[in-house]
Number of protein chains: 2
Amino acid sequence: MASGNQLVHEKLDQAVGILREQDVDLWLTLVRETLLTSDPSLDLIAGTYCAWQGAFLVSATGERIAIVGRFDVPSVEELGAYSEVVGYDESIRPALRSAIERLDPRSIALNYSESDPAADGLSHGLWLVLSETLAGSPYAGRLVSSERIVNALRGRKSPFEVARIKAAAEATEEIFEVVTRGLGPEMSELEIAALIHEEVSQRGLGYAWDRDHCPAVNAGPEKKVGHSAPGELRTRRGELLHIDFGVERDDYCSDLQRVWYCLDESETVPPPDVEQAWRALWESVDAGITALRPGVTGWEVDAAARESLVAAGYPEPMYALGHQLGRTAHDGGTVLAPRWDRYGTAPFGIVEEGNVFTVEYGTAVPGRGYVGLEEDVVVTRDGVEWLSTPQRELWLVP
Amino acid sequence: MASGNQLVHEKLDQAVGILREQDVDLWLTLVRETLLTSDPSLDLIAGTYCAWQGAFLVSATGERIAIVGRFDVPSVEELGAYSEVVGYDESIRPALRSAIERLDPRSIALNYSESDPAADGLSHGLWLVLSETLAGSPYAGRLVSSERIVNALRGRKSPFEVARIKAAAEATEEIFEVVTRGLGPEMSELEIAALIHEEVSQRGLGYAWDRDHCPAVNAGPEKKVGHSAPGELRTRRGELLHIDFGVERDDYCSDLQRVWYCLDESETVPPPDVEQAWRALWESVDAGITALRPGVTGWEVDAAARESLVAAGYPEPMYALGHQLGRTAHDGGTVLAPRWDRYGTAPFGIVEEGNVFTVEYGTAVPGRGYVGLEEDVVVTRDGVEWLSTPQRELWLVP
C-alpha cells in the first residue's frame, strides 16, 4: 500500500508527463499559510502544509523545485520528491524569480481557474505578489491557468487511488447497514446523525465533508433539502428518510445517498407515488451511465440523464448529475453538469479513463419526502465500473 | 455561552461598526466551494460552508445580503444573520451585480490582501469572475482590499472570545502536566506525540494545526527544528526536549511551547549553557511584553525583544516574536514581526486592545537541543494579561 509520500512521488511523475502532453514548460503552484487558505493541489504535490509563502515548480524537463520558508524546509526535504528545496527567510521573491529565470519557460501554468475550484488555489493577494515579482521580465506575460493540468492530474486516478475510493464506499455501506438495523419510526434526524457519527468514530474514519452536514439527514416532506444540518424532524410512517453521506478513509472519500421508506401499518411495499419516482430516477441515472465513457463531454452525459427525468414528468434537477470524487468529495475538473455559467467551462471537459464520478439525482415526492440516489463509479476503457453497490430498491423501515 | 450562530451575529454587528469607522460603504466576501478553497472570514460571518459560489455583503448602512447557491440557502437562512438571502441556480452574476447596483457603494472592500493570509480568501479565478461581472460598471474601479476590516474584526476579540482562547490554553496546560508525569529518558518523539494525541482524543478536543505536526516534538540536538513531524529521535540524559502544541476547543485555539531538560545522573539542575539561554529568551520576551500595549506597531514590539536577544549574544530569530491567535493558530492581521518582505504590511499594523498574541522565541543550545518558549497573552488597555501560565522555569525529567 502506497503511503502519502509515495502518492506524491506518483503524482509528480504523472505531472511531468501531463506537462509534456499539454506542451507546457512549467507548472507553478504558489501558496501561503495553507492552514488558512488551502490549495487542493498541495495534497497531491507536497502532502504537507506551508506556514509561509511557498512555491512548487514542476518543469516538463523533470526538474522539481520547492521554495519554502526556512521552517518548512525539513518537511519538504523529508518527502524526497523535489530535486531542489530552497529555504528563505525574509522574502520568497528573489529565489522565485531566479528559479523562473533559470528554467526560462515559454509558458507558465499557474494555480488559478475561473471554472474549477480544485484548480483555483492561488489567492488574489498572491497573484499581486507574483505580478510584482515578475514585473519587467518576459515571464509576467507567459502566465496561463493550470486548470487543464490539475484536471488531468486529479482526474486520472491510478488503480491505487481507485482502490482507496472503493474502500471508502465499502465503509460507508457498512455504516448504512448498521443504520438500517437501528431505524424505526419517530427517530429524529439528529439521533440518526449521532448513530452515524458513532460508527465513523468507532471505525477511525474521517468525514468526506464537514461533520455538521455529514451526514445530511432529511426526514419527511417538511425538510428543506439542501446543505442544511440534521434537525428535530422525525421519521414517520408513510414518509421517506433520505441520507447523503460520505467518509474519508486513507485520504480518499466516498459520497453516497440512500433512501428508506417507513411503511405505514397497512403497507408491505412503498406506495406507487414513491415507487414511480424512484424508478424514474434510476431510469434517468442509467441513461447517464450509458452515455458515460471516455471521449464524451461532461454536459452530454448530464443531458442524457436530465432529458430522461424531465420526459418522465419530474422537475428538472437544479444541479449536476455528477462530480468527480477522490481526495475530496467534490474533486474538481470535468463535471457531468449542464452548461450553466456557474460551472464555467467544467461541463465542456472530456471524460477520461480513470475518472471517478458520482451519479446522483433526486426529487421531492409531495407529502412523502425526498428520494435521491447517488452512486460512485470509475470510468473504464469503454464504460464504467461501480465502486459502490447500487441501491436498486428502496429500503424499508418496518 | 454564545453558540456559533451568536458569534456570527456578534461579528456582523461589529463589522458594521468597523465599516463606519473606516468609512467603507460595502464589504464583499466572495467565496467558492469552501471545502476546497477556504476563506478564514467565513467562520466569522457565516459559520457554514458554501458548495457553490457565494457572496456575503455587509454594508455600512447595516444591510446584510447573502447570495448563495439554491442548496446553500437553508443553512444561511437558519443563521438568521442576513437581512436578505438570495438563492441562484445557474449563475451568481445577475444577483450579485444587481445587489451592488442597488447598494451603490462609493467603495467596496474585497476579500484579498497581499500581506495578510487571513484576509486573502478570494481566489484569483473568482477575482476574474468578479471583474467580468462588474465590467462596464463604475464599481469595477471601486474595489479595495478588505484587510483593514478583517484585521479589526478578527483582531478585536470580545470577552467571550478571549475566554475561549484561555480555556484552550488551560486544556493544553493540563495535557502538558500529563506529559510531564509520563516522561523519562529514551522516549521517542513519536511515543510522546502519541501520548498527547491520546489525551486530546480523551478530552474531545481538536488540534490547533494539522495533527501530523501537532504537537511538534523536538528531542535533542540532532533534530532539525521547524515544521517537521515527530520522528524516531529520543529523549536523552543531558539533552533538551521541546514541544510546540496547541488545541482547538469550542472553535478557539491555543499555541504554546514547553521545554524539559533531561537531567544527567550527576545533575540536580540544568547546566549553565541551557540555563543561560533560557534566561536570555525570557529577558527578550519580557522586553517585548513591556513594549506590548495599544497604539504601538507590531514591528516595534518585535524589535524590543529581538534587540535584547541579539545583545545577549544569541542568533537573531528568523521569525516573528508573535502572531495573533483565535479561531486559528495563526489568526492573521498585525504581527509582532520584523519589517521583512514576506510579512508585507502586517508588521506596520497598530496593536489594539483585545488583540490576542503569542510571544515566542527560541534558540539552539549546541549539544543539548532546542529551547523555545511561547505563551499566549491578551492586550489590555495599558499592557497585557497572560492567558497561559508562563513557564518561567525549565521543567526537569528526573
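Residues numbered from 1 in each chain as written. Chains lettered and ligands numbered in written order. Predicted model: local features only at pLDDT ≥ 70, side-chain atom pairs only at ≥ 80, totals over all residues.

**With respect to the relation of the copies chain B and chain A**
- Here chain B sits on chain A after a turn of 180 degrees about the axis and a move of 0.0 Å along it, with an RMSD of 0.0 Å. On this basis, the relationship between the two copies can be described by a two-fold rotation axis.
- Take the interface residues of chain B: 100% of them recur as interface residues in chain A, which is what a same-surface contact looks like. (Least-squares fit on C-alpha atoms with pLDDT ≥ 70 in both. Contact = placed C-beta atoms within 7 Å.)

**Concerning the packing of helix α9 (residues 272–291) of chain B against helix α10 (residues 298–311) of chain B**
All names here are of chain B.
- Running from amino to carboxyl end, α9 crosses α10 at an angle of 155 degrees, the nearest separation of the two axes being 8 Å. Taken together, the axis directions place α9 and α10 in an arrangement best described as roughly antiparallel. Considering how the two elements wind past one another, α9 and α10 form a crossing that is right-handed. For the pair α9 and α10, the contacting residues are A280, L281, E283, S284, V285, A287, G288, T290 and A291 in the first and E300, V301, D302, A304, A305, S308 and L309 in the second.
- In terms of residue class, the contact of α9 with α10 is made up of nine nonpolar, four polar and three charged. (Axes fitted to C-alpha atoms, helices over the stretch in contact; angles between N-to-C directions. Helix = DSSP H or I, 4+ residues; strand = E, 2+ residues; numbered from the N terminus. Parallel < 35°, antiparallel > 145°, perpendicular 65-115°, else oblique. Left-handed = near helix turned anticlockwise from the far one by under 90°. Nonpolar A, V, L, I, M, F, W, Y, C, P; charged D, E, K, R; others polar.)

**Brief notes about the sheet that holds strand β5 (residues 108–110) of chain B**
Residue and element names in this part refer to chain B.
- Read from one edge of the open sheet, six strands run β4-β3-β2-β1-β5-β6, paired in mixed fashion. Two strands in the sheet have a free side with no partner beyond their single neighbour: β4 (84–88) and β6 (143–145). The mean inter-strand angle of the sheet, taken between neighbouring strand axes irrespective of direction, is 25 degrees.
- With three bridges connecting them, strand β1 (residues 26–32) and β5 associate as parallel partners. Residue pairing across strands places L28 opposite L110, the latter belonging to β5. (Pairing = 2+ DSSP bridges.)

**Section: the interface of chain B and chain A**
- Of the residues lining the interface, 52 residues belong to chain B; the matching set on chain A comes to 52 residues.
- Top contributing element to the side of chain B that touches chain A by residue count: helix α5 (residues 124–134) of chain B, with five residues.
- Residues that form the side of chain B that touches chain A fall into these classes: 22 nonpolar, 16 polar and 14 charged.

**Quick word on the domain arrangement of chain A**
All names here are of chain A.
- Each assigned domain of chain A is listed with its residue range as follows: domain 1 (4–154) and domain 2 (156–397).
- For domain 1 and domain 2, the distance between their C-alpha centres works out to 34 Å.
- Taken together, the contacts link 14 residues of domain 1 with 15 residues of domain 2.
- For the side of domain 1 that touches domain 2, the secondary structure elements donating two or more residues are α1 (4–21) and α6 (147–155).
- Of all the elements, α6 adds the most residues to the side of domain 1 that touches domain 2, at four residues.
- Among the residues forming the side of domain 1 that touches domain 2, the class breakdown is six nonpolar, three polar and five charged. (Domains from an automatic or database assignment.)

**Focus: α10(B)**
All names here are of chain B.
- Here α10 contains 14 residues, and its C-alpha end-to-end distance of 20 Å stays within 8% of the 20 Å for a straight helix at 1.5 Å per residue.
- Among the 14 residues of α10, ten are classified as buried, and the element is accordingly described as predominantly covered.
- When α10 is considered as a whole, its buried residues turn out to be G298, W299, V301, D302, A303, A304, A305, R306, S308 and L309.
- For α10, the elements touching its buried residues are α9 and β13 (356–365).
- Backbone geometry just after α10 places G313 at a positive phi near 95 degrees. (Expected span 1.5 Å × (residues − 1). Buried ≥ 20, exposed ≤ 12 C-beta atoms within 10 Å, placed from the backbone.)

**Re the sheet that holds strand β7 (residues 206–207) of chain B**
- Ordered by their spatial adjacency, three strands build an open sheet running β7-β10-β11 (chain B), and the pairing between neighbours is antiparallel. Strands with a single pairing partner mark the edges of an open sheet, and in this sheet they are β7 and β11 (252–253) of chain B.

**Observations concerning the pairing of strand β2 (residues 53–59) of chain B**
Residue and element names in this part refer to chain B.
- For β2, the buried fraction is high: seven of the seven residues fall into the buried class.
- Note: β1 against β2, seven bridges, orientation antiparallel. Across the sheet, R32 pairs through a bridge with Q53, a residue of β2.
- Across four bridges, the pairing between β2 and strand β3 (residues 64–69) is antiparallel. Across the sheet, the residue bridging to V58 is R64, located in β3.
- Counting the residues in the hairpin turn of β2 and β3 gives four residues, including G62, whose phi is positive at 100 degrees.

**Considering the environment of L396(A)**
Residues and elements named next belong to chain A.
- Turning to its location among the elements, L396 is positioned in strand β16 (residues 395–397).
- Along the primary structure L396 and G367 are separated by 29 residues, whereas in three dimensions their C-alpha atoms are 17 Å apart.
- In this structure L396 touches W260, Y261 and L263, once residues within four positions along its chain are discounted.

**Examining the pairing of β3(B)**
Residues and elements named next belong to chain B.
- Most of β3 is tucked away, with five of its six residues classed as buried.
- Across five bridges, β3 lies against β4 in parallel orientation. Its bridge partner lying in β4, I65 is registered against E84.
- Of the crossover connections in this fold, the one passing from β3 over helix α3 (residues 73–79) to the parallel β4 is right-handed. (Right-handed = clockwise from strand over helix to strand, strands pointing away.)

**Let's talk about unusual backbone geometry**
- Following C214(A), the chain continues into P215(A) via a peptide bond in cis, with omega recorded as 5 degrees.
- Within the fold, P215(A) resides in the loop between β7 (206–207) and β8 (216–219).
- At D250(A), a residue that is not glycine, the phi angle is positive and equals roughly 50 degrees.
- With respect to the element layout, D250(A) can be found in the loop between β10 (247–249) and β11 (252–253).
- Not every positive phi belongs to a glycine, and E33(B) is a case in point at roughly 30 degrees.
- Examined against the element boundaries, E33(B) turns out to sit in the loop between β1 and α2 (42–45).
- Look at E33(B) and you get buried, because 24 C-beta atoms sit within 10 Å.

**Quick word on the confidence of the model for chain A**
- Taken over all residues, the pLDDT of chain A has a mean of 95, while the share at 70 or more is 99%.
- Model confidence for the complex: the whole-complex pTM is 0.92, and ipTM, which rates the interface, is 0.91. (pLDDT = per-residue confidence, 0-100.)

**Quick look at the environment of W299(B)**
Residue and element names in this part refer to chain B.
- Mapped onto the elements, W299 comes out in helix α10.
- Each C-alpha atom of the pair W299 and V335 lies 7.5 Å from the other, and the pair is 36 residues apart in sequence.
- Setting aside residues no more than four positions away along its own chain, W299 makes contact with A337, P338, R339, P347 and F348.

**A closer look at the environment of E90(B)**
- In this fold, E90(B) is placed in the loop between β4 and α4 (93–103).
- In this structure the C-alpha to C-alpha distance between E90(B) and R70(B), which are 20 residues apart in sequence, comes to 9.5 Å.
- Among all residues touching E90(B), those that are not within four sequence positions of it are W340(A), D341(A) and R342(A).

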